[in-house]
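Below are the chains, spelled out letter by letter.
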Amino acid sequence: MRVALCHHYSLTHGGGGERILADAASYLARRGHEVQIRCLPFRGGVATFHLDDGVEYYEKPLHRFEADVAYHIYAPLTPYLFRCKAPRI
């Protein structure tokens, strides 16, 4: 299954939510899913997290992608910045 995790902060922000997102993506990749993390380039910093080899990371202002399911971290305007026909959760 192709899973997209859409977050409104860069993973380099280094907060607790970003850590949970990186761990969840690595866990799903180890279980055999194709995982993408898609982030907006806001609040960048120096912290980085280790992602498994099966996880793809994209950081840009507007995302158009294909997936079977897209998990959105809620923030205003994210439905307009992460464009996909997959069901959004």
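## So, the side chain of His72
By secondary structure assignment, the location of His72 is in strand S5 (residues 69-72). Each residue touching His72, except ones within four places of it in the same chain, is listed here: Cys6, Thr78, Phe82, Arg88 and Ile89.

## So, helix H1 (residues 16-30)
Between its first and last C-alpha, H1 extends 21 Å over 15 residues, near the 21 Å set by a 1.5 Å rise per residue. Along H1, the residues classified as buried are Glu18, Leu21, Ala22, Ala25, Ser26 and Ala29. Looking straight down H1, one finds its buried side chains confined to an arc of 130°; they lie on one side. Exposed side of H1, more than 90 degrees from the buried face: Gly16, Ile20 and Arg30 are the residues found there.

## Remarks on the pattern of salt bridges
For the structure on display, the rule yields four salt bridges. In this structure, Asp68 engages Arg2 in a salt bridge whose closest nitrogen and oxygen atoms are separated by 3.3 Å. Taken together, the residues Asp68 in the loop between strand S4 (63-64) and S5 and Arg2 in strand S1 (residues 2-7) connect sequence positions 66 residues apart. For Asp23, the salt bridge is made with Arg19, and the minimal N-O distance between the two is 3.8 Å. Placement of both Asp23 and Arg19 in helix H1 is noted, with a separation of four residues, approximately one turn of the helix. For Arg19, a relative accessible area of 38% puts it in the partly exposed group. Among the ionic contacts, a cluster of salt bridges with common partners joins Arg2, Glu66 and Asp68.

## A closer look at the sheet that holds S5
By way of backbone hydrogen bonds, the strands of a sheet pair with one another, either parallel or antiparallel. In space, the four strands of this open sheet follow the order S3-S2-S1-S5, with parallel pairing throughout. A single partner strand is all that each edge strand has here, and the edge strands are strand S3 (55-59) and S5. Across the sheet, the mean angle separating the axes of adjacent strands is 20° when strand polarity is ignored. Pairing analysis gives five bridges linking strand S2 (residues 34-39) to S3, with the strands arranged parallel. Bridged to Val35 within S3 is Val55. With respect to the sheet, H1 is in contact with S1, S2 and S3, its orientation differing from that of S2 by roughly 160°.

What counts as what
Residues numbered from 1 in each chain as written. Predicted model: local features only at pLDDT ≥ 70, side-chain atom pairs only at ≥ 80, totals over all residues. Heavy atoms only, no water. Helix = DSSP H or I, 4+ residues; strand = E, 2+ residues; numbered from the N terminus. Contact = heavy atoms within 4.5 Å. Expected span 1.5 Å × (residues − 1). Buried < 20%, exposed > 50% of the residue type's maximum accessible area, 1.4 Å probe, protein only. Arc of directions from axis to C-beta. Salt bridge = Lys/Arg side-chain N within 4 Å of Asp/Glu carboxyl O. Pairing = 2+ DSSP bridges. Axes fitted to C-alpha atoms, helices over the stretch in contact; angles between N-to-C directions.

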